[in-house]
Every structure is written in structure tokens, then in C-alpha cells.
Amino acid sequence: MSEDPKELAGAAAEYAASVLSVPTIDIALVLGSGWSSGADELGETIGELELGDVPGFSKPVVSGHGGRLLAIRTQTGKVAAVFTGRTHYYEGRGTDPVVHGVRTAAAWGADTMVLTNGCGGLNPAWTPGTPVLISDHINLTGDSPLHGATFVDLTEAYSKRLRDLARTVDPDLPEGVYVQFRGPHYETPAEVRMAGIIGGDLVGMSTTLETIAAREAGLEVLGISLVTNAAAGMGAADLDHSEVLEAGKAAGPRLAALLAGIVNTL
Ligand code: 8IG
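Computed from a predicted structure; not experimentally measured.

Asks: How should the site of the ligand be read in this particular structure?
Replies: Close contacts around the ligand come from 12 residues, with Gly120, Glu187, Gly204, Thr228 and Asn229 the closest. Within the contact set of the ligand, a nitrogen atom lies 2.4 Å away from a side-chain nitrogen or oxygen of Glu187. With respect to the ligand, the side chain of Asn229 contributes an N or O atom lying 2.8 Å from a nitrogen atom. Contact with the protein chains removes 96% of the 330 Å² of surface that the ligand exposes when unbound. For the shell around the ligand, the element with the highest residue contribution is strand 5 (residues 112-121), accounting for 3 residues. The class makeup of the residues in the shell around the ligand is 6 nonpolar, 5 polar and 1 charged.

So this is what it looks like as C-alpha cells:
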């Protein structure tokens, strides 16, 4: 992306606002692995488009298999933008495409960003299908989405207020520290042990760069991980992507109710 990323996000927001006839949004959600049911109960879909048609988002390799952007009016009359799917850092195109959705949401008027993902869990009590609130992160990509000397405070990157609010909807939600590895390979058991020693509870391949960009843009962030598998070496079996899909399917109704409860309490 040669163009200035904030200008490009402005163009993306303008495009989405005009095509969807939704001049401004209140909240944006990114649905990660296992979260495909996440938009089911949010409210009434008032518009929808293919992300590949929006400035700065890439076209899917197989047509019809790209991410979509939904505009939803919630029961309380707020407007939510839902990004189904994300660009990952491991795709190797740098950080700007990874955080373009976050910057677009900010340019479109959002003040709240809900970032979801599927991940591996270190705590054996978190069986596949357990949603976990992200309390903090460790970014092991060695990269940042910020350009130049931009010193963004990350003391409370994941809003305590929003975590408390999520627990009014689903009181059993645990919380943990999310560690982003570059991927796309999963961790070795030794890397998972390291993640635990340095303070991590969850291992994944997304979210931290998006959170940093969201905080730069002044968005309040709620991060929720779906533990889809025991992290390597923590469970009995080898890691298999089909686990991810199964865990998401089984947890679908809980995730849908959770996100709907949250957006309608904001
Ligand atoms: I879903 O165990 C999912 N994504 N890094 N490790 C990492 N990413 C993941 C994992 C995992 N499970």
C-alpha cells in the first residue's frame, strides 16, 4: 500500500457509507476463526457488501470466498459494522492491510472495536469452545502498525469497562493474556511453554496489531478469543484445523448471544 493508510481508510469508509447508505457507525466487530455465527443475533442487517470491492481491501483469490462487510442495526438502534474475516500478518503484506479494517471503522465513526479470534489455550480448564476475554497482549511479531515516532499508550489496551460489561452478559467468562505469534505454522510445544512463562494464556496469529491501531485511533477495544484447541503440547492430540471449525460450530449459539448482549448493552 503506497498511499497514506489513513487516507485510504477514509476512502474505504466513504465508499462503504455511500454504497450502504450508512453515513456513520457506532461499533465495529471483526469475526475471526470459529466466530461465523457471531453476527446471527446482533439485529437487522441493513446492508452488505463484498470487502474486496472496498478501497484498500484485497480481492479474494477464489471469487465469492472473501470477507464481507455487514451493516446491522441493533435492537437499541445503534449501527454495527461487521467484518467477516481479516487479513493476517502471516500473509506477508506488512501491517497496513492487517489494520485497514480498524482504521476504516474509525474513519466511519466507530468508537468501539470488538476484535474476536480463534486461538490455542494454555489453561486446561478452557476446553475447545470456551470464549475468553483478552485482558492484555504480548505482541511477538516484532512489528507495529504505527508509522514514525507514534508513542501510543497501551496500559489498558483492552478496556476494563468493556470486559466488565461483557461479564454482565455472560458472568462465567474467564480472561487471559493473548500472545500473537507470526504463524502461519502453529507453535512448537517449547514455544507454548515459553508463552506461558512470559505470562501468556492464549496463543494466536492475529489481534495485537489491530488493537494497537485501534488504540492509536482512539477506539475502545474489547478482545474475545474462542479457544478452539489446546495449544501444542498442552492437549492429547496434534493440532488440526478441523478442530477449529468444530469448536466454532458447537459454541455458535453462545457466541451469538454474547455479542448480541454486548452490542445491546453498550
Ligand atoms: I484457531 O494453537 C488457532 N489459531 N498460533 N496457535 C496459534 N494460532 C492458532 C491456534 C494455535 N489455534
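From this point on, the discussion continues.
Asks: Before we go on, may I ask you to explain the side chain of Asp170 in this structure?
Replies: As for its placement among the helices and strands, Asp170 is situated in the loop between helix 3 (160-169) and strand 7 (175-180). When its relative accessible area of 12% is taken as the criterion, Asp170 is described as buried.

Asks: Help me understand unusual backbone geometry, please; the structure alone is not making it clear to me.
Replies: Residues apart from glycine generally show negative phi values, whereas peptide bonds are mostly found in trans. The step from Gly183 to Pro184 runs through a cis peptide bond, and the omega angle for that step is 0 degrees. With a phi close to 55 degrees, Ser21 is a non-glycine residue in the positive phi region. Among the structural elements, Ser21 can be located in the loop between helix 1 (5-20) and strand 1 (27-31). Phi is positive for Thr207, close to 75 degrees, though the residue is something other than glycine. Position of Thr207 among the secondary structure elements: in the loop between strand 8 (202-204) and helix 5 (208-216). Residue Thr207 is classed as buried on the basis of its relative accessible area, which comes to 0%.

Asks: It is not clear to me how the nonpolar core should be interpreted in this structure. Could you clarify?
Replies: For soluble globular proteins, nonpolar side chains are generally found buried alongside one another. In terms of nonpolar packing, the biggest core is built from 41 residues, with Ile25, Leu69, Phe83, Trp108, Met113 and Leu202 touching the most fellow members. Looking at this core, the element that brings in the most residues is helix 1, giving 5 residues. When residues no more than four places from it in sequence are discounted, the contact partners of Leu69 are Ala16, Gly47, Glu48, Leu49, Leu51, Ala81, Val82, Phe83 and Trp108. With 26 residues, the next largest nonpolar core counts Ile27, Leu162, Leu222 and Leu258 among its residues.

Here is what the cut-offs are and how they apply
Residues numbered from 1 in each chain as written. Predicted model: local features only at pLDDT ≥ 70, side-chain atom pairs only at ≥ 80, totals over all residues. Heavy atoms only, no water. Near = heavy atom within 4 Å. Polar contact = N/O pair within 3.5 Å; in protein donor to acceptor, adjacent residues only side chain to side chain. Areas by Shrake-Rupley, 256 points an atom, 1.4 Å probe, with all protein chains shown as cover. Helix = DSSP H or I, 4+ residues; strand = E, 2+ residues; numbered from the N terminus. Nonpolar A, V, L, I, M, F, W, Y, C, P; charged D, E, K, R; others polar. Buried < 20%, exposed > 50% of the residue type's maximum accessible area, 1.4 Å probe, protein only. Core = buried A, V, L, I, M, F, W, Y, C linked by side-chain atoms within 4.5 Å. Contact = heavy atoms within 4.5 Å.

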